[in-house]
Number of protein chains: 2
Amino acid sequence: MARERKIDMVILGLLSHEDLTGYEIKKRIDGAISFFWKGSFGNIYPALKDMENQGLITKSDTSVGERERITYHITKSGRNRLKVWLKEEQVSNELKYETLLKLFFGGSGSREVTVHNIEIFEEQVKKDLRVLRTYYETLERSQGVEDHVYYSLTVSFGIETYEAYLKWCDKAKKMLEGRA
Amino acid sequence: MARERKIDMVILGLLSHEDLTGYEIKKRIDGAISFFWKGSFGNIYPALKDMENQGLITKSDTSVGERERITYHITKSGRNRLKVWLKEEQVSNELKYETLLKLFFGGSGSREVTVHNIEIFEEQVKKDLRVLRTYYETLERSQGVEDHVYYSLTVSFGIETYEAYLKWCDKAKKMLEGRA
DNA sequence: GTTTGATATATCATTTTGATACATTATATG
DNA sequence: CATATAATGTATCAAAATGATATATCAAAC
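Residues numbered from 1 in each chain as written. Chains lettered and ligands numbered in written order. Predicted model: local features only at pLDDT ≥ 70, side-chain atom pairs only at ≥ 80, totals over all residues. Heavy atoms only, no water.

1. Side note on the overall build of chain A
Note the threshold: Strands here mean DSSP runs of E at least two residues long; helices mean DSSP runs of H or I at least four residues long; both are numbered from the N terminus. The globule rule is 2.2 Å times the number of residues to the power 0.38, and the radius of gyration it is compared with is taken over C-alpha atoms. Accessible areas in this description were obtained via Shrake-Rupley with a 1.4 Å probe; residue shielding takes into account the shown protein chains only. Within this scheme the basic residues Lys and Arg register as positive and the acidic residues Asp and Glu register as negative, but His and the chain ends are omitted. The location of each charge is read from NZ of Lys, CZ of Arg, CG of Asp or CD of Glu.
For chain A, the count of helices and strands is seven helices and four strands. The linear arrangement of helices and strands in chain A, starting from the amino end, is α-β-α-α-β-β-α-β-α-α-α. Computed over the C-alpha atoms, the radius of gyration of chain A is 21 Å, more than 25% above the 16 Å expected from 2.2 N^0.38 for a compact globule of 180 residues. Overall size of chain A, expressed as C-alpha extent along the three principal axes, is 60 × 40 × 40 Å. Total accessible area on chain A is roughly 9,500 Å²; 50% of this is exposed by carbon and sulfur atoms. Both charge centroids of chain A, one from 29 positive and one from 28 negative side chains, sit 2 Å from each other.

2. Structural notes on the nonpolar core
Nonpolar side chains tend toward joint burial in soluble globular proteins. Applicable threshold: What makes a nonpolar core is a set of buried Ala, Val, Leu, Ile, Met, Phe, Trp, Tyr and Cys residues whose side-chain atoms join them at distances within 4.5 Å. Remark: exposure states derive from per-residue accessible area (1.4 Å probe, protein chains only) relative to the maximum for the residue type, with buried under 20%, exposed over 50%, and partly exposed in between. It only takes one pair of heavy atoms within 4.5 Å for two residues to be counted as in contact.
Tyr 97 and Trp 168 of chain A together with Tyr 97 and Trp 168 of chain B are the most contacted members of the largest nonpolar core, which totals 106 residues. Ignoring sequence-local partners within four residues, the contact set of Tyr 97 of chain B consists of Phe 36, Trp 37, Asn 93, Leu 95, Tyr 97, Phe 157 and Tyr 165 of chain A together with Tyr 165 of chain B.

3. Side note on the packing of helix α7 (residues 146-176) of chain A against helix α7 (residues 146-176) of chain B
As a reminder of what qualifies: Fitted lines through C-alpha atoms give the axes, limited to the stretch in contact for helices. The angle between two N-to-C directions lies from 0 to 180 degrees. For classification purposes, an angle smaller than 35 degrees is called roughly parallel, one larger than 145 roughly antiparallel, one from 65 to 115 roughly perpendicular, and anything else oblique. By the definition used in this description, the sense in which the near helix is turned from the far one sets the handedness, with an anticlockwise turn below a right angle giving left-handed and a clockwise turn giving right-handed.
In the contact formed by α7 of chain A and α7 of chain B, the axes pass within 9 Å of each other and the chain directions differ by 155 degrees. As the angle between them shows, α7 of chain A and α7 of chain B are arranged roughly antiparallel. The handedness of the crossing between α7 of chain A and α7 of chain B is right-handed.

4. Points about the sheet that holds strand β1 (residues 20-21) of chain A
Residue and element names in this part refer to chain A. Filter applied, for reference: Only strands that DSSP links by at least two bridges are regarded as paired with each other.
Sheet architecture is open: three strands sit in the order β1-β3-β2, paired in antiparallel fashion. Only two strands of the sheet have a single partner each, and these edge strands are β1 and β2 (57-61). Across two bridges, the pairing between β1 and strand β3 (residues 70-74) is antiparallel. When the bridges of β3 are listed, Leu 20 appears paired with Tyr 72. Most of the contacts of helix α3 (residues 41-53) go to β2, to which it runs at about 110 degrees, and overall it touches β2 and β3.

5. Topic: α3 of chain A
All names here are of chain A. Here is the rule: The span you would expect from a helix comes to 1.5 Å times its residue count less one. Directions drawn from the helix axis to the C-beta atoms are what define this arc.
Look at α3: 18 Å from first C-alpha to last across 13 residues, which is about the 18 Å you get at 1.5 Å a residue. Among the residues making up α3, those that are buried are Ile 44, Ala 47, Leu 48 and Met 51. Down the axis, α3 shows its buried residues gathered within 105 degrees of arc, on one side only. The exposed residues of α3 that point more than 90 degrees off its buried face are Gly 42, Lys 49 and Asn 53. Of the residues flanking the end of α3, it is Gly 55, one or two places downstream, whose phi is positive at about 80 degrees.

6. Side note on the side chain of Thr 154 of chain A
Tracing the chain through its elements places Thr 154 of chain A in helix α7. For Thr 154 of chain A, a relative accessible area of 6% gives the class buried.

7. What to know about the relation of the copies chain B and chain A
One copy of the chain maps onto the second through a rotation around an axis plus a translation along that axis. In plain terms, the rule: Least-squares superposition aligns the copies on the C-alpha atoms of those residues with pLDDT at or above 70 in both.
Placing chain B over chain A gives an RMSD of 0.0 Å and needs a rotation angle of 180 degrees, together with 0.0 Å of translation along the axis. When the rotation and shift are considered jointly, the pair of chain copies conforms to a two-fold rotation axis. Within chain B, Leu 95 of chain B has its C-alpha nearest the rotation axis, a separation of 2.3 Å.

8. Quick look at the pairing of strand β3 (residues 70-74) of chain B
Of the strand pairs in this sheet, strand β2 (residues 57-61) of chain B and β3 of chain B are connected by five bridges, and their pairing is antiparallel. Paired with Ser 60 of chain B across the bridge in β3 of chain B is Thr 71 of chain B.

9. What to know about the domain arrangement of chain A
Residue and element names in this part refer to chain A. This is how the line gets drawn: Start and end positions for the domains come from either an automated domain assignment or a database one. A simple way to read buried area is as the amount of 1.4 Å-probe accessible surface that goes missing from two parts once joined, with both sides added. Any carboxyl oxygen of Asp or Glu that lies within 4 Å of a side-chain nitrogen of Lys or Arg is treated as forming a salt bridge with it. Counted as a polar contact is a pair of N or O atoms within 3.5 Å, where, for protein atoms, one must be capable of donating a hydrogen and the other of accepting one, and residues adjacent in sequence contribute only when both atoms are in side chains. Classification convention: Asp, Glu, Lys, Arg as charged; Ala, Val, Leu, Ile, Met, Phe, Trp, Tyr, Cys, Pro as nonpolar; all other residues, Gly among them, as polar.
Segmentation of chain A into domains returns domain 1 (6-87) and domain 2 (98-176). The C-alpha centroid of domain 2 is placed 29 Å from the C-alpha centroid of domain 1. On the domain 2 side, the residues contacting the five residues of domain 1 number eight residues. At the boundary of domain 1 with domain 2, total buried surface from both sides reaches about 470 Å², with 77% on carbon and sulfur atoms. At the boundary of domain 1 with domain 2, the tally comes to zero salt bridges. Connecting domain 1 to domain 2 are zero residue pairs in polar contact (both at pLDDT 80 or more). A per-class count over the side of domain 1 that touches domain 2 returns three nonpolar, two polar and no charged.

10. Comments concerning the interface of chain B and chain A
Counting residues at the interface gives 65 residues for chain B and 65 residues for chain A. Note on chain B versus chain A: buried area summed over both sides is about 7,200 Å², and carbon and sulfur give 67% of it. Of all residues in chain B, the largest losses of buried area upon contact with chain A belong to Lys 96, Tyr 150 and Phe 157 of chain B, amounting jointly to 11% of the total for that side. Here chain B and chain A share six salt bridges between them. Residue Glu 98 of chain B pairs with Lys 6 of chain A through a salt bridge whose shortest N-O separation is 3.2 Å.

11. Describing the sheet that holds β3 of chain B
Residues and elements named next belong to chain B. Here three strands make up an open sheet; going across it, the order is β1-β3-β2 and the pairing antiparallel. Of all strands in the sheet, those bounded by a partner on one side alone are β1 (20-21) and β2. Helix α3 (residues 41-54) rests against β2 and β3 of the sheet, and its axis sits at about 110 degrees to β2.

Right, dumping it as structure tokens:
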């Protein structure tokens with residue numbers, strides 16, 4: 001993770017649409033984005049401080065009464081930083097499937113355990129797929145907005161790959177149960 | 001990443017098959033495993049030291065001449081640790097697609113940039129798919145070995161998902177070029 | 001004979017994770 | 001209406017992962 005802090009791009013991307021607090025940023029990441037990226041408070045708050053010092057974002061106090069609230073706004077410099085990143089050639093997609101790790105080392109356990117692990121994965125995928133399909137239907141009903149194209153494509157990416165997962169689960173279970 | 005150090009399981013899994021040095025462990029991870037997990041020296045060496053202290057592995061000096069070489073061997077306790085992990089219910093598959101992040105925030109750039117980013121992804125996937133298919137063919141030609149079932153399934157997982165990626169790339173490009 | 005690449009161990013700064021601490025405000029439940 | 005519970009909000013910390021770099025030996029190519 002050394003080198004370029006990726007969370008910066010997530011934050012800038014979100015702030016390019018609307019002003020947000022750190023907490024709200026976390027909520028956004030936990031939504032549709034969670035299918036292809038993650039973030040935590042321990043990640044977000046330091047990044048916000050740092051980016052403010054760099055002049056990529058500005059903060060404004062929007063506290064109500066006793067309740068502390070710091071809303072962040074993207075600057076021209078921040079928008080530029082985002083554009084530069086979008087144009088950068090090299091991308092790193094980091095995939096870590098503990099499920100496959102367990103499968104790969106499955107020889108150290110029993111076949112039943114391996115099959116069970118696949119079933120756990122299958123259940124999770126089915127659950128996520130339901131959520132993704134709900135997103136997709138909502139998008140279908142509200143067409144025309146330019147940004148929706150991009151959103152829609154990420155959701156369809158999820159649906160496409162998750163369906164491939166399920167197809168594989170079926171195949172894998174059959175193979176392990178000696179039916180293939 | 002706090003909590004349970006996952007690299008331990010990768011190392012134990014590899015050592016359950018053969019004795020290895022830290023360098024060799026890195027090489028194994030960079031092979032077929034790299035499609036679903038990663039590891040670095042800064043990760044492996046401290047883990048080896050720590051696991052040796054815990055009694056999960058033992059080290060033996062196999063240096064040749066001046067050349068330093070520390071070979072690690074899994075203990076009964078280590079094998080047990082591996083089995084316990086295999087049986088653990090909760091798994092976390094952490095997927096980080098910078099490609100999708102760029103797509104999601106594509107509205108901040110131009111359509112051409114977005115399409116180009118998809119093409120970069122597409123090229124990488126095609127390249128990886130060729131490697132995976134080579135693995136698969138090699139496996140087909142050497143059947144019968146029990147462990148091959150597990151290996152074969154991870155490879156087929158990769159092929160299945162990478163094919164889904166390509167299918168999506170096609171769809172996405174068409175959509176962005178207004179052909180859908 | 002010398003440059004290049006593979007083998008080998010190790011550490012470091014930076015980033016991410018996941019948990020926790022602490023406090024306020026809104027909402028639901030009895 | 002009181003009170004419990006959930007949501008909002010900022011912040012920090014230890015542990016773990018990343019990616020780069022340092023250092024050195026040995027084999028092979030040129």
